[in-house]
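Reading the structure
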Amino acid sequence: MNPASNEIRVRIDQLERLLMFDYEPGTQEALFDICDSQGHIVKTGEVKGPETRVRITDLKGDEYYLMVLDGEISTVKPFQLRKVG
């Protein structure tokens, strides 16, 4: 397995309030969690590769972690939401 295959690329669309991440799941049961800076899960769902879109209108904080659980592999990617206005 290519080690770069479990890299996650995260983009934030501030206008649409969407988090988009590129990840090609290795299993059909791949899931994601978005955790706040205290480690509480604030969103969860299925990974729909190659790009997964998550509405983030209800996220109020600034710093979060995207965690993808794909079979035996878990990948964590920190991201920041910049407050607009």
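Refer to the structure printed above.
Okay, so let's go over this structure. (Residues numbered from 1 in each chain as written. Predicted model: local features only at pLDDT ≥ 70, side-chain atom pairs only at ≥ 80, totals over all residues. Heavy atoms only, no water.)

A few points about the packing of aromatic side chains
In plain terms, the rule: Any two rings among Phe, Tyr and Trp, with Trp reduced to its six-membered ring, count as a pair given centres within 6.5 Å; such a pair is stacked if its planes are under 30 degrees apart, edge-to-face if over 60, and tilted if neither. Elements are defined by DSSP. Helices are runs of H or I of four residues or more, strands are runs of E of two residues or more, and each kind is numbered from the N terminus.
In the structure shown here, the tally under the stated rule is 2 aromatic pairs. When the ring of Y64 is compared with that of F79, the centres are 5.8 Å apart and the planes differ by 20°; the resulting orientation is stacked. Linking Y64 in strand β6 (residues 63-70) with F79 in strand β7 (residues 73-80), this pair joins segments that are 15 residues apart in sequence.

A look at the pattern of salt bridges
Put simply, the rule reads: The salt bridge definition used is simple: a Lys or Arg side-chain nitrogen within 4 Å of an Asp or Glu carboxyl oxygen. Under the scheme applied here, a residue whose accessible area is under 20% of the maximum for its type counts as buried, over 50% as exposed, and between as partly exposed, the area being computed with a 1.4 Å probe on protein chains only.
Evaluated as defined, the whole model comprises 5 salt bridges. Between D22 and R11 there is a salt bridge whose closest N-O contact spans 3.1 Å. Of this pair, D22 sits in strand β2 (residues 18-22) while R11 sits in strand β1 (residues 9-13), and the two are 11 residues apart along the sequence. Assessed through its relative accessible area of 23%, D22 is described here as partly exposed. Under the relative-accessibility criterion, R11 is labelled partly exposed at 23%. Here D58 ties to K43 by a salt bridge, and the two come within 3.3 Å at their closest N and O atoms. With D58 in the loop between β5 (51-55) and β6 and K43 in strand β4 (residues 41-46), this pair connects stretches of sequence that are 15 residues apart. Residue D58 is classed as partly exposed on the basis of its relative accessible area, which comes to 45%. Assessed through its relative accessible area of 18%, K43 is described here as buried.

Quick look at unusual backbone geometry
The residue after G49, namely P50, is reached through a cis peptide bond having omega 0°. Relative to the helices and strands, P50 is located in the loop between β4 and β5. Even without a glycine there, the phi angle at R17 is positive, about 55°. Secondary-structure assignment places R17 in the loop between β1 and β2.

Examining the sheet that holds β1
Quick reminder of the rule: Here, strands pair whenever DSSP counts at least two bridges between them. Each axis is a line fitted through C-alpha atoms, taken for helices only over the stretch in contact, and angles between the N-to-C directions span 0 to 180 degrees.
Judged by pairing direction, the sheet is antiparallel, and its 3 strands sit side by side in the order β1-β2-β5 without closing on themselves. One side of each edge strand has no neighbouring strand; the edge strands of this open sheet are β1 and β5. Averaged over all pairs of adjacent strands, the angle between strand axes in this sheet comes to 20°, irrespective of strand direction. Of the strand pairs in this sheet, β1 and β2 are connected by 5 bridges, and their pairing is antiparallel. Across the sheet, residue I12 finds its bridge partner in β2, namely L19.

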